[in-house]
Amino acid sequence: MRVDFWQKTGNPQMQLIETLVRSIDARLPDAATLAEAAAILRRGGLVAFPTETVYGLGANARDANAVTTLFAAKGRPSANPLIVHVSDIAMARDLTKYWSDLADRLVQRFWPGPLTIVLPRNEKVPDIVTAGGPTVGLRMPAHPVALGLIRAAGLPVAAPSANRSGEISPTQAVHVLRSLGGRIGMILDAGPTTVGLESTVIDLTSAPPRILRPGHITRAELEALIGPVEIAIETTEKVQRSPGNIGRHYAPRTRAELIPQDLLETRINELTGEGCRVGCLVCGAPSKVHSCEMLVELSCDPVDYAAGMYAALHDLDAAGLDRILIVAPPQSEDWLAVYDRLRRAVSE
Ligand code: TXA
Ligand code: MG
């Protein structure tokens, strides 16, 4: 297995490598399998692993070459910084220039869990991890496999979602394999992730703190703990504070549209009339039996919807359709994270 092939050769063609897929128990991960994956990370390779949110693609965050390989495997623009995953608070503090009171309160309450905090970084974090910026995103994931892997490697692990840049995030090992098979050393398969939506990213370097990416942990939960928090996702700022936030992202390859429930039937008929094969993603049982080729129903509860959303989009995208119609969820704040991802999935 040549996990270090690109970094050794700088081979722009990205020679394919063998991707090992290892099943691992989500609650009691096998130590030998974790050790095998940790060894790949320590020698500069890439390992995809489950977190409670989505599968991540890990590389040693202290090793600039390993992180370069990671950017290449994803085809990720180098201006988009990575989240560094840690197995305890001390490992996170060790990478920061300042650790604030606010940070303490947030991590005591929400770590391990789906919250990424952005703080000033120190020289232990290579430039490539933060896209050259002065801050670093830090997160302690709440998944025994993720925590076990970071502990076994004894390293902070830089990990974006384990998909090629711009594509739908993976919530199952098979999604990772389809997107990155042949480009990474190993996938740890512990079954579907539970949260289903990437972590909430909060920037603690501004006052008040700002949510750069909405997620499972809501503004209300954050505010209850630390007071006023801004939401900065509709960013038209010249300086991109969180580049993953802008434009098309999390997108299926099939063209997709977000439409109100009451226009669904008409739109299906229009498209079918043009000879299109149409798939629909709806919330709750639809009031009429829709004449679309493939119908996926998700719960009308935002947390449950989020848990199934990416798998639904992957399934629809794999079905060879011409168009995916997604019924727009409510625009209330409890749907913010879901709505944000869907909006990006359909943007041209
Ligand atoms: O749930 C998650 O966060 C998953 C799992 C694997 O942990 N990871 C994930 O990583 O979603 P990624 O790379 O797909 O998204 C990271 C987001 C991007 O929007 C990026 O711009 C932002 O976090 N980010 C990372 N570091 C940052 C920083 N220093 N300042 C501002 N934004 C940052
Ligand atoms: Mg991503």
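Look above for the structure.
Since this is a predicted model, take the numbers as computed values, not measurements.

Engineer: When you look at the state of the cysteines in this model, what are you seeing that I'm missing?
Structural biologist: The term disulfide refers to a covalent linkage connecting the sulfur atoms of a pair of cysteines. By the definition in use, this model includes one disulfide. Residue Cys-283 pairs covalently with Cys-300 via a disulfide, S to S 2.5 Å. Looking down the S-S bond of the Cys-283 and Cys-300 bridge, the torsion is 125°, so its handedness is right-handed. Placement of Cys-283 in strand E13 (residues 278-283) and of Cys-300 in the loop between strand E14 (294-298) and helix H10 (302-317) is noted, with a sequence separation of 17 residues between them.

Engineer: When you look at the sheet that holds strand E10 (residues 210-213) in this model, what are you seeing that I'm missing?
Structural biologist: The pairing of strands in a sheet comes from backbone hydrogen bonds and takes either a parallel or an antiparallel form. In space, the eleven strands of this open sheet follow the order E1-E8-E2-E3-E7-E4-E6-E5-E9-E10-E11, with mixed pairing throughout. Across the chains shown, the open sheet's two edge strands, defined by having one partner strand only, are strand E1 (20-23) and strand E11 (230-231). Two strands pair when backbone bridges link them, and strand E5 (residues 115-120) and strand E9 (residues 200-203) are joined in this way by four bridges, in the parallel orientation. Within E9, the residue paired with Leu-115 across the bridge is Thr-200.

Engineer: It is not clear to me how the site of ligand 1 should be interpreted in this structure. Could you clarify?
Structural biologist: Every one of the 26 residues lining ligand 1 counts as a neighbour, but Thr-53, Asn-80, His-85, Ser-199 and Arg-213 are closest to it. Contact between ligand 1 and Thr-53: an oxygen atom at 2.7 Å from a side-chain N or O atom of the residue. Thr-135 places a side-chain nitrogen or oxygen 3.1 Å from a nitrogen atom of ligand 1. Protein chains shield 97% of the accessible area of ligand 1, which is 680 Å² for the free molecule. Taken together, the elements giving at least two residues each to the shell around ligand 1 come down to strand E4 (83-85), strand E6 (135-139) and E10. Broken down by element, the shell around ligand 1 gets its largest block of residues, four residues, from E6.

Engineer: Help me out: how do you make sense of the pattern of salt bridges in this one?
Structural biologist: When the charged atoms of two side chains lie near each other, side chains of opposite charge can form a pair. For the structure on display, the rule yields 14 salt bridges. In this structure, Arg-343 engages Asp-340 in a salt bridge whose closest nitrogen and oxygen atoms are separated by 3.5 Å. Note that Arg-343 and Asp-340 are positioned in helix H11 (residues 336-346) at a spacing of three residues, about one turn of the helix. Look at Asp-340 and you get buried, because its relative accessible area is 2%. Each of the salt bridges in this network shares a partner with another, and the network as a whole consists of Glu-198, Asp-340, Arg-341, Arg-343 and Arg-344.

Engineer: I would appreciate a short explanation of the packing of helix H5 (residues 101-110) against helix H8 (residues 219-226) in the present structure.
Structural biologist: In the contact formed by H5 and H8, the axes pass within 10 Å of each other and the chain directions differ by 125°. As the angle between them shows, H5 and H8 are arranged oblique. Regarding H5 and H8, the two cross each other, and that crossing is right-handed. Residue-level inspection shows Leu-102, Arg-105, Leu-106, Arg-109 and Phe-110 of H5 in contact with H8, the latter providing Glu-221, Leu-222, Leu-225 and Ile-226. Grouping the constituent residues of the contact of H5 with H8 by class yields six nonpolar, no polar and three charged.

Engineer: Looking at this structure, I do not really get the sheet that holds strand E12 (residues 255-259). What am I missing?
Structural biologist: Taken together, the four strands give an open sheet; going across it, the order is E12-E15-E13-E14, and neighbouring strands pair in parallel fashion. Every other strand in the sheet has two partners, leaving E12 and E14 as the edge strands with one partner each. On average, each strand axis in the sheet is inclined to that of its neighbour by 20°, with strand direction left out of account. With five bridges joining them, E12 and strand E15 (residues 323-327) adopt parallel strand pairing. The residue bridging Arg-255 from the neighbouring strand is Arg-323, located in E15. Along the sheet face, helix H9 (residues 264-273) touches E12, E13 and E15 and points at about 175° away from the line of E15. The strands touched by H11 within the sheet are E12 and E15, with E12 carrying the most contacts at an inclination of about 135°.

Criteria and thresholds
Residues numbered from 1 in each chain as written. Chains lettered and ligands numbered in written order. Predicted model: local features only at pLDDT ≥ 70, side-chain atom pairs only at ≥ 80, totals over all residues. Heavy atoms only, no water. Disulfide = S-S within 2.5 Å. Helix = DSSP H or I, 4+ residues; strand = E, 2+ residues; numbered from the N terminus. Pairing = 2+ DSSP bridges. Near = heavy atom within 4 Å. Polar contact = N/O pair within 3.5 Å; in protein donor to acceptor, adjacent residues only side chain to side chain. Areas by Shrake-Rupley, 256 points an atom, 1.4 Å probe, with all protein chains shown as cover. Salt bridge = Lys/Arg side-chain N within 4 Å of Asp/Glu carboxyl O. Buried < 20%, exposed > 50% of the residue type's maximum accessible area, 1.4 Å probe, protein only. Axes fitted to C-alpha atoms, helices over the stretch in contact; angles between N-to-C directions. Parallel < 35°, antiparallel > 145°, perpendicular 65-115°, else oblique. Left-handed = near helix turned anticlockwise from the far one by under 90°. Contact = heavy atoms within 4.5 Å. Nonpolar A, V, L, I, M, F, W, Y, C, P; charged D, E, K, R; others polar.

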